[in-house]
Amino acid sequence: RLTADIDLTKADGNPTEWKPIGYDIDHDYTGIFDGMGHTVKGYKITERADEIGFFGVVYGEVRGLTVSGDINITTDKSKAQAGGVAGYNGGTIEDCVNAGPLITRTDSITMGGIVGGCKYSRISNCVNSGDITSNIRAGGIAGNIELSTMSNCINSGNITGNRQAGGIAAHTQSSGTISNCLNCGDIAGGGYSGGVVGNNGGGT
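Residues numbered from 1 in each chain as written. Predicted model: local features only at pLDDT ≥ 70, side-chain atom pairs only at ≥ 80, totals over all residues. Heavy atoms only, no water.

A. Structural view of the sheet that holds strand S4 (residues 51-52). Strands sit in the order S4-S7-S12-S17-S22-S27 across an open sheet of six strands; the sheet is parallel. With partners counted over all chains shown, the strands left at the sheet margins are S4 and strand S27 (192-194), one partner each. (Pairing = 2+ DSSP bridges. Helix = DSSP H or I, 4+ residues; strand = E, 2+ residues; numbered from the N terminus.)

Below, the structure is given as structure tokens:
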């Protein structure tokens, strides 16, 4: 549990480079993290990983957390996913807020305000206000949803995805479900784009 807000800004005024908690599939986070409504800010992520966010891979539960970091990835490598709260969610994320921007100019990173991608998971009552820019997929809440449920989420950030862009999700597949969600942000896409979903590949 967090019992107070945390500011990771260094003494010189610059943000701290952050290594995601549960930074890859072999070191995933399986516990219960309760932010208790507090905010973590003053950090940046510029180094490339497979799963990028305050958390990398979540198979447990994250709730009640607000993050306000700056995620800006310029190094191209293999495919990756980035989200304000988690790069990949295979568990539960609820009552969380992302207030920071996510941007990449590479051709291989899927981005979402809360999660980059998710499978067999649940996302509920989450809010994104950060602007999201990706050359592939950009979603206000999630970049990609597969066999997962998303409900009661709101996006107010501006979303730019050169291939797929959606106010809530860039892409849904394999019965990904979105319900009772709201997008208030502007959407710009060079391929498939939509106010809620950029490309529906099998979701509802």
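B. The nonpolar core, seen in detail. Residues Phe55, Val62, Leu65, Ile93, Val115, Ile123 and Met150 are the most contacted members of the largest nonpolar core, which totals 42 residues. Every element with two or more residues in this core is listed here: strand S3 (32-45), strand S5 (55-58), strand S6 (61-73), strand S7 (80-83), strand S12 (109-112), strand S13 (115-119) and strand S18 (142-146). The biggest single contributor to this core is S6, with five residues. The residues touching Met150, leaving out its near neighbours within four places in the chain, are Ile123, Ile141, Ala142, Ile145, Ile168, Thr177, Ile178, Ser179 and Cys181. (Core = buried A, V, L, I, M, F, W, Y, C linked by side-chain atoms within 4.5 Å. Buried < 20%, exposed > 50% of the residue type's maximum accessible area, 1.4 Å probe, protein only. Contact = heavy atoms within 4.5 Å.)

C. Region of interest: the packing of aromatic side chains. Under the criterion given, the structure shown has seven aromatic pairs. Centroid distance Trp18 to Phe54: 4.8 Å. Interplanar angle 5°. Geometry classified as stacked. Note that Trp18 is positioned in the loop between strand S2 (16-17) and S3 and Phe54 in the loop between S4 and S5, a separation of 36 residues in sequence. Residue class for Phe54 comes out buried when judged on its relative accessible area of 4%. In textbook terms, an aromatic cluster arises when at least three aromatic residues are bridged by ring pairs, as seen for Trp18, Tyr29, Phe33, Tyr43, Phe54 and Phe55. (Phe/Tyr/Trp six-rings, centres within 6.5 Å; stacked < 30°, edge-to-face > 60°.)

D. Spatial organisation of the state of the cysteines. Taken as a whole, this structure holds zero disulfides when the rule is applied. Here Cys153 is not cross-linked by a disulfide; its sulfur's nearest cysteine counterpart is in Cys181, at 4.6 Å. Judged by relative accessible area, Cys153 falls into the buried class, the value being 1%. (Disulfide = S-S within 2.5 Å.)

E. Fine view of unusual backbone geometry. Non-glycine residue Asp95 carries a positive phi angle of around 55°. With phi around 50°, Leu147 is a residue other than glycine that occupies positive phi space. Looking at the element boundaries, Leu147 is found in the loop between S18 and strand S19 (149-151). Assessed through its relative accessible area of 32%, Leu147 is described here as partly exposed.

F. Structural context of the sheet that holds S5. Across the sheet, which stays open at both edges, the six strands sit in the order S5-S8-S13-S18-S23-S28 with parallel pairing between neighbours. Every other strand in the sheet has two partners, leaving S5 and strand S28 (197-201) as the edge strands with one partner each. Strand after strand, the sheet turns through a mean of 5° between neighbouring axes, direction not considered. Of the strand pairs in this sheet, S18 and strand S23 (residues 169-173) are connected by four bridges, and their pairing is parallel. Of the residues in S23, the one forming a bridge with Glu146 is Gln173. (Axes fitted to C-alpha atoms, helices over the stretch in contact; angles between N-to-C directions.)

G. View of the pattern of salt bridges. Considering all chains together, one arrives at four salt bridges under this definition. The partner of Asp34 in a salt bridge is Arg63, and the shortest N-O contact between them spans 3.4 Å. Remark: Arg63 occurs in strand S6 and Asp34 occurs in strand S3; sequence separation between them is 29 residues. We classify Arg63 as partly exposed; its relative accessible area is 26%. (Salt bridge = Lys/Arg side-chain N within 4 Å of Asp/Glu carboxyl O.)

Honestly, it's all geometry; don't read function into it.
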